[in-house]
Amino acid sequence: MPFPLEIGQDFIAAILTVMGYTMTETVIVFDRIRERLAEAGKDDMYGEERNKLINFALNSTLSRTILTSLSVFFVLIVIFIFGGDSIRGFIFALLIGRIIGTYSSLCISTPIVIDLSKDEKAVK
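Basis of the calculations
Residues numbered from 1 in each chain as written. Predicted model: local features only at pLDDT ≥ 70, side-chain atom pairs only at ≥ 80, totals over all residues. Heavy atoms only, no water. Phe/Tyr/Trp six-rings, centres within 6.5 Å; stacked < 30°, edge-to-face > 60°. Lys NZ or Arg CZ within 6 Å of the ring centre and 35° of its normal. Helix = DSSP H or I, 4+ residues; strand = E, 2+ residues; numbered from the N terminus. Expected span 1.5 Å × (residues − 1). Buried < 20%, exposed > 50% of the residue type's maximum accessible area, 1.4 Å probe, protein only.

Colleague: Sorry, what's going on with the packing of aromatic side chains here?
Modeller: Aromatic ring pairs: the centre-centre distance and the angle between the two ring planes describe each pair. This model, assessed by the stated rule, comprises two aromatic pairs. Taken together, a centroid distance of 6.4 Å and an interplanar angle of 65° make the contact between Phe73 and Phe74 edge-to-face. Here the guanidinium or amino end of Arg88 rests over the ring plane of Phe80, the centre of that ring lying 5.9 Å away. Geometry around Tyr21 places Arg98 over its ring, the cationic atom sitting 4.3 Å from the centre.

Below is the structure:
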C-alpha cells in the first residue's frame, strides 16, 4: 500500500459505518418490496408474478441507491486524495465498503429474498 494501513480503532469505526450504510440501504429496498406487495393486495403472491413485483421494487430504488453511493464515493475520493496521512486508512476502508455495501444491497439481498420465498411456498 502506498499509505500506512493499520487495523485500529479508525479502521473498525469505518467498517461499522459501512455496515450501517449497507443495512440502511437494504432496509429501504426491502421496505419498497413490502410496499409493492401491499399495493398489489397480494401478500401471498408466489412465482413469476412475485418476482416481477420484486424486480419493479428494486428498480424503483436503484437510481436513488446508486446516486447516494456515488455522491458519498466522490466525496470520499476527494478526502482520500487531499486529506492527511492520519485519515487515509479510515477513508480507504469507507471507499471499499461503499462499493461492497452497494453491491450487496442491490445484487445479493434481493435474490436472497426471492430464494427464501420459494422455500416459504413449499412449506405452506
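Colleague: Help me understand helix 1 (residues 9-40) in this model?
Modeller: Residue pairs three or four apart in sequence face the same way in an α-helix, which turns once every 3.6 residues. With 32 residues, helix 1 should cover 46 Å at 1.5 Å per step; its first-to-last C-alpha distance of 47 Å lies within 8% of that length. Of all the residues in helix 1, the buried ones are Phe11, Ala14, Val18, Thr22, Glu25, Thr26, Val29, Ile33, Arg36 and Leu37. A positive phi of about 70° marks Gly41, the residue just after helix 1.

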